[in-house]
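Overview (structure and organization)
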Amino acid sequence: MGSCWGSCFSSSIKDGFDPKHSGIGGNSGSGSKVSSATVPSTPRTEGEILQSSNLKSFPFTELKAATRNFRPDSVLGEGGFGCVFKGWIDEHTLTAARPGTGMVIAVKRLNQESFQGHQEWLAEINYLGQLYHPNLVKLIGYCLEDDHRLLVYEFMPKGSLENHLFRRASYFQPLSWNLRVKVALGAAKGLAFLHSEKAKVIYRDFKASNILLDSNYNAKLSDFGLAKDGPTGSKSHVSTRVMGTYGYAAPEYMATGHLTAKSDIYSFGVVLLEMLSGRRAIDKNRPTKEQNLVEWARPYLGSKRKIFQVLDARIEGQYSMSSVLKVATLAVQCLSTEPKFRPNAEALVKALEQLNDSSGNEGSGRSHAEMASKVHHSSSNSPKARRKSRNHEVGNGKAASYERPSASPLRT
Ligand SMILES: Nc1ncnc2c1ncn2[C@@H]1O[C@H](COP(=O)(O)OP(=O)(O)OP(=O)(O)O)[C@@H](O)[C@H]1O
Ligand SMILES: [Mg+2]
């Protein structure tokens, strides 16, 4: 995070966005992509998108004040397009408030020189300005002033799933098994809403860093910059330039650019594997054969005997054999090479709901040691600290301090 400050204004790693296929400029849209009757049908131009959303348009000075001039120590995280800062506003007037008073917000400030950043900024407003669901992060407003482009979200106190699974800092305790199931369920509900007839959206960037957690570990999907309207009529897919994040994108999508809701399901399977294993989808710090999580884990997933090779040793003893095998089976199904064998998001919700109920989660924030069961094992997946270095160069020529996959064009 500290290293974020220097790289906040680096050049974009997301060049190659094709606005023709962005779902902003050229899509006809059906008008069905709303969950509120007051929202107009899918907007088409930038002006329409900005005008039609029920979002607050913030003056830049207000966000500057709310974040205390984008103070480095208020950085919540960094993505491919810039940094996210913590800030405070008055909940009634939506003007800057003193730190610790009013409402906490997360302000994403985009790098200024990126065309693609602007397109994704607009896509975010287009989608999150229209779609409302408990498992989607709430966008409060935006700022467009001179070269400044910012997005203002509700603050998610527990940060991202990525932080909880992979950060080794002492303030990030490893997420317990029951909370992993709870988070997977919340994320599946968000995806099911996006894929529903009502919304018909393909998310295209399902990954651990885009799953944010509230104070009760309710999961909310964030980052709709790559989202696309799903196919309409008799079409089976939409054709796109391949965008997404290495390690999470479905193989057929990478090979053909044909995008379907089942591409998101594949990515969901990758996140399930990350939850099972505590390993990143791509980890360049591991031995070559273990760097790609799906390739490495696949042979172990179907067998009671072998599954322990994959499991995160930090949650040893917290789960029952049957629940682990159920999640592993779901992951295998989601990762089917053939998209039609992957379950849909509704089926994922049902399966995870059963698991969540049987784990006694239901809204509890209680200790997970008491959930511990019979399973003990020795695993080769020990929680040793890993040196982390970001896998792409940032604008100031320095590598940031940790590695994690980031959204980028997979093929240009
Ligand atoms: N609303 C929020 N509340 C709290 N923390 C947030 C919020 N939004 C983002 N963050 C934090 O900021 C980090 C950066 O978010 P951002 O969406 O910019 O990038 P990313 O998802 O990590 O990566 P990429 O740009 O590759 O998609 C997140 O991983 C999360 O830790
Ligand atoms: Mg994100």
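Note on numbering: residues in each chain are counted from 1, in written sequence order. Here chains are named by letter from A upward and ligands by number from 1 upward, in the order in which they appear as written. Owing to the predicted nature of the model, reporting of local features is limited to residues with pLDDT of at least 70; listing and counting of side-chain atom pairs is limited to 80 or more, with chain, interface and lining totals taken over all residues.

**Regarding the sheet that holds strand E4 (residues 103-110)**
What counts, and what does not: Each pair of strands is called paired provided DSSP finds at least two bridges between the two strands. Note on conventions: DSSP H or I runs of at least 4 residues are helices, E runs of at least 2 residues are strands, and numbering of each starts at the N terminus.
Spatial strand order, E1-E5-E6-E4-E3-E2: six strands in an open sheet with mixed pairing. Two strands bound the open sheet, and with one partner strand each, they are strand E1 (56-57) and strand E2 (75-79). Pairing between E4 and strand E6 (residues 148-154): five bridges, direction antiparallel. From the neighbouring strand, Lys108 faces E6, where its bridge partner is Leu151.

**A word on the nonpolar core**
Heads up, the condition is: Residues enter a nonpolar core if they are buried, belong to Ala, Val, Leu, Ile, Met, Phe, Trp, Tyr or Cys, and are joined to the set through C-beta atoms within 7 Å. Partly exposed residues are those whose C-beta has more than 12 but fewer than 20 other C-beta atoms within 10 Å; with 20 or more the residue is buried, with 12 or fewer it is exposed, and the C-beta atoms are placed from the backbone. Placing C-beta atoms from the backbone, we regard two residues as in contact once those atoms come within 7 Å.
The biggest cluster of nonpolar side chains holds 106 residues, and the ones touching the most others in it are Val152, Ala188, Leu272 and Ala331. Broken down by element, the residue count for this core peaks at twelve residues, all from helix H6 (residues 177-195). Here Val152 is in contact with Phe58, Leu63, Ile105, Val107, Ile140, Gly141 and Tyr142, once residues within four sequence places are set aside.

**Section: the UniProt feature "binding site: ATP" (unreviewed entry) in the chain**
For clarity, the threshold we go by: UniProt positions are given in the numbering used here, feature names are shortened, and annotations may be inferred rather than shown by experiment.
Under the UniProt annotation, the feature "binding site: ATP" (unreviewed entry) is placed at Lys108. Tracing the sequence through the fold places Lys108 in strand E4. Of the residues examined, Lys108 has 24 C-beta atoms within 10 Å and is grouped as buried. With residues near it in sequence (within four places) discarded, Lys108 still touches Gly82, Val84, Leu150 and Leu151.

**Observations regarding helix H10 (residues 321-334)**
Here is the rule we go by: Here the expected length of a helix is defined as 1.5 Å per residue gap, with one fewer gap than residues. As used here, the arc belongs to the directions running from the helix axis to the C-beta atoms.
For H10, with 14 residues, the first-to-last C-alpha span of 20 Å sits near the 20 Å given by 1.5 Å per residue. Residues Ser323, Val324, Val327, Ala328, Leu330, Ala331 and Cys334 constitute the buried set of H10. Viewed along the axis of H10, the buried residues span an arc of 155°, placing them on a single side of the element. Buried residues along H10 sit against helix H8 (261-277), helix H9 (293-301) and helix H11 (345-358).

**So, the environment of Arg98**
Mapping Arg98 onto the fold places it in the loop between strand E3 (82-89) and E4. For the pair Arg98 and Thr67, spaced 31 residues apart in sequence, the C-alpha to C-alpha distance is 9.5 Å.

**Describing the packing of H6 against H11**
Inclusion rule: Geometry is summarised by axes, namely lines fitted to C-alpha atoms with helices restricted to the contacting stretch, and by angles between N-to-C directions that run from 0 to 180 degrees. By definition in this entry, angles of less than 35 degrees are roughly parallel, angles greater than 145 are roughly antiparallel, angles of 65 to 115 are roughly perpendicular, and the rest are oblique. Handedness of a crossing is defined here by the sense of rotation of the near helix relative to the far one, left-handed for an anticlockwise turn of less than a right angle and right-handed for a clockwise turn.
It is at 8 Å that the axes of H6 and H11 come closest, and there the two elements cross at 155°. Viewed along their axes, H6 and H11 adopt a mutual orientation that is roughly antiparallel. Judged by the sense of rotation from one axis to the other, the crossing of H6 with H11 is left-handed. For the pair H6 and H11, contact is made by Val181, Lys182, Ala184, Leu185, Ala188, Lys189, Leu191, Ala192 and His195 and by Ala345, Glu346, Leu348, Val349, Leu352, Glu353, Leu355 and Asn356, respectively.

**Points about unusual backbone geometry**
A positive phi angle, close to 60°, is found at Leu94, a residue other than glycine. Examined against the element boundaries, Leu94 turns out to sit in the loop between E3 and E4. In the Ramachandran plot, Asp223 falls in the positive-phi region, its phi being about 75° despite a non-glycine side chain.

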